[in-house]
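# A look at the structure
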Amino acid sequence: MSHYQNRQWIYARRPETEVGIEHYDLTEQTLDSDQLGDDEILVKARYWSVDPYMRIQQANHTTWEAPHPVGAVQGGGMVGQVIATGSKVSGLAASDWVNAYTGWQEYAVCPSDEAIRLDPDTAPVTTALGVLGMPGRTAYFGLLEAGRPQAGETVVVSGAAGAVGSIVGQIARLKGCRVIGIAGSDAKCTQLVEELGFDAAINYREHPGQADMQQAFARHCPDGIDIYFDNVGGVITDAVMECINLRARIIVCGQISQYSGQLDQPEMGPRFLHRILYARATIQGILSRDYSERHAQMLAAMAPWVKHGDIRYQETFMDGFASLPTALAALFAGANTGKMIVRA
Ligand SMILES: NC(=O)c1ccc[n+]([C@@H]2O[C@H](COP(=O)([O-])OP(=O)(O)OC[C@H]3O[C@@H](n4cnc5c(N)ncnc54)[C@H](OP(=O)(O)O)[C@@H]3O)[C@@H](O)[C@H]2O)c1
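Residues numbered from 1 in each chain as written. Predicted model: local features only at pLDDT ≥ 70, side-chain atom pairs only at ≥ 80, totals over all residues. Heavy atoms only, no water.

This next bit is on helix α4 (residues 186-194). For α4, the complete set of buried residues consists of K188, C189 and L192. Each buried residue of α4 sits inside an arc of 100° when the element is viewed along its axis, so together they form one side. Opposite the buried face of α4, at more than 90 degrees from it, the exposed residues are A187 and E194. At its buried positions, α4 is contacted by β10 (178-183) and β11 (200-203). (Buried < 20%, exposed > 50% of the residue type's maximum accessible area, 1.4 Å probe, protein only. Helix = DSSP H or I, 4+ residues; strand = E, 2+ residues; numbered from the N terminus. Arc of directions from axis to C-beta. Contact = heavy atoms within 4.5 Å.)

Next comes the structure, spelled out in structure tokens:
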């Protein structure tokens, strides 16, 4: 029998505004390998996913599911290596790489059928948390099925330098669209255009009000906006609504500008539903888990694109298990380009 000292980040206190390390407790437990059930595996985490939805779930209201329970290990995706397997486990062996939803802890016991085996020769294992994982799936199905992009259309993506947005923009380019990204720094905007092939990018911090943003859209989207893939909400979205074309599709993927308490006390924005009427536009919310069973379909399309460089992905790493809460807070300051990952 082997013992493992397992550090865990416990989600301990609900934030009212920005999330920070003060909302977590760091604890330690001992895991024994003989605790392993016949169908279970013991995994050592190497990489943890850090995602905006974690802040949504910390609010005290039901979303697509109940709030994250206080006093439990912070949930989240993980990539790690198998240490031991139960007697009835087949298809997984010690040192295999796996992806599972085991949360912010250094070791985890999980049912073997809840772990996805990863082949490091096919793609770097961290892509299972980003471009070939949940964010990639969200981008792929969200854009293609809710957005239905046609060649020549203008697509605007907010949160464009992040895990989801950077992939949305590149898929839209592959479909022959003109793509304008919105991001929070000149450096990110330059990368979007020069490295990821966006047609243009707008630094929203240089256009702080709705009127400013509308002017930027008038300059960069002279033919109006056919598809808006919304990751951030707020003023940026208000401005987009004034620029939409006939039969525009608005895809509500995320509203990160509203997660840190604004959803509880929303600031009043302009009423824009008349724009939906005039343009006979559609607004559709999308959720990655609705496409979970079609993950393989996404991989069949995206893995070759990634392999051949048609889609480029970026990852921002923060080091050490201890940095997980800081990494989550950093998402809201725009510290990441592409997928935010903490590595052990
Ligand atoms: N519907 C779904 O199933 C689903 C799945 C995955 C993600 N999402 C949503 O999609 C969005 C992006 O997620 P992601 O995982 O790809 O995260 P991400 O974009 O990699 O990281 C978050 C980014 O949001 C931007 N941001 C933070 N606060 C902002 C604000 N107040 N206004 C404007 N931008 C702000 C920051 O970039 P800047 O430097 O540009 O500010 C930051 O880097 C989030 O809203 C998330 O909740 C939804």
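Turning our eyes to something else, we now look at the domain arrangement of the protein. When the domains of the protein are assigned, the result is domain 1 (3-130 + 314-343) and domain 2 (134-289). Domain 1 and domain 2 are separated by 29 Å when their C-alpha centres are compared. Contact with domain 1, which involves 23 residues of that partner, is made by 18 residues of domain 2. The contact between domain 1 and domain 2 buries some 1,600 Å² in all, and 54% of this surface belongs to carbon and sulfur atoms. (Domains from an automatic or database assignment. Buried area = accessible area lost by both parts, 1.4 Å probe.)

This part is about the packing of aromatic side chains. Any aromatic ring pair is given by two values, namely how distant the centres are and how the planes are angled relative to each other. The full count for this structure, using the stated rule, is 11 aromatic pairs. Between Y4 and Y107, the aromatic rings sit 5.0 Å apart at their centres with planes inclined by 40°, giving tilted as the arrangement. One end of the pair, Y4, is in strand β1 (residues 3-11); the other, Y107, is in strand β7 (residues 107-111), and 103 residues separate them in sequence. Their ring planes at 85° and their centres at 5.0 Å tell us that Y140 and F141 sit as a pair that is edge-to-face. Of the two residues examined, Y140 and F141, each falls in the buried class. Put simply, the rings of W9, Y11, Y24, W48, W104 and F321 touch in pairs and so form one group of aromatic residues. (Phe/Tyr/Trp six-rings, centres within 6.5 Å; stacked < 30°, edge-to-face > 60°.)

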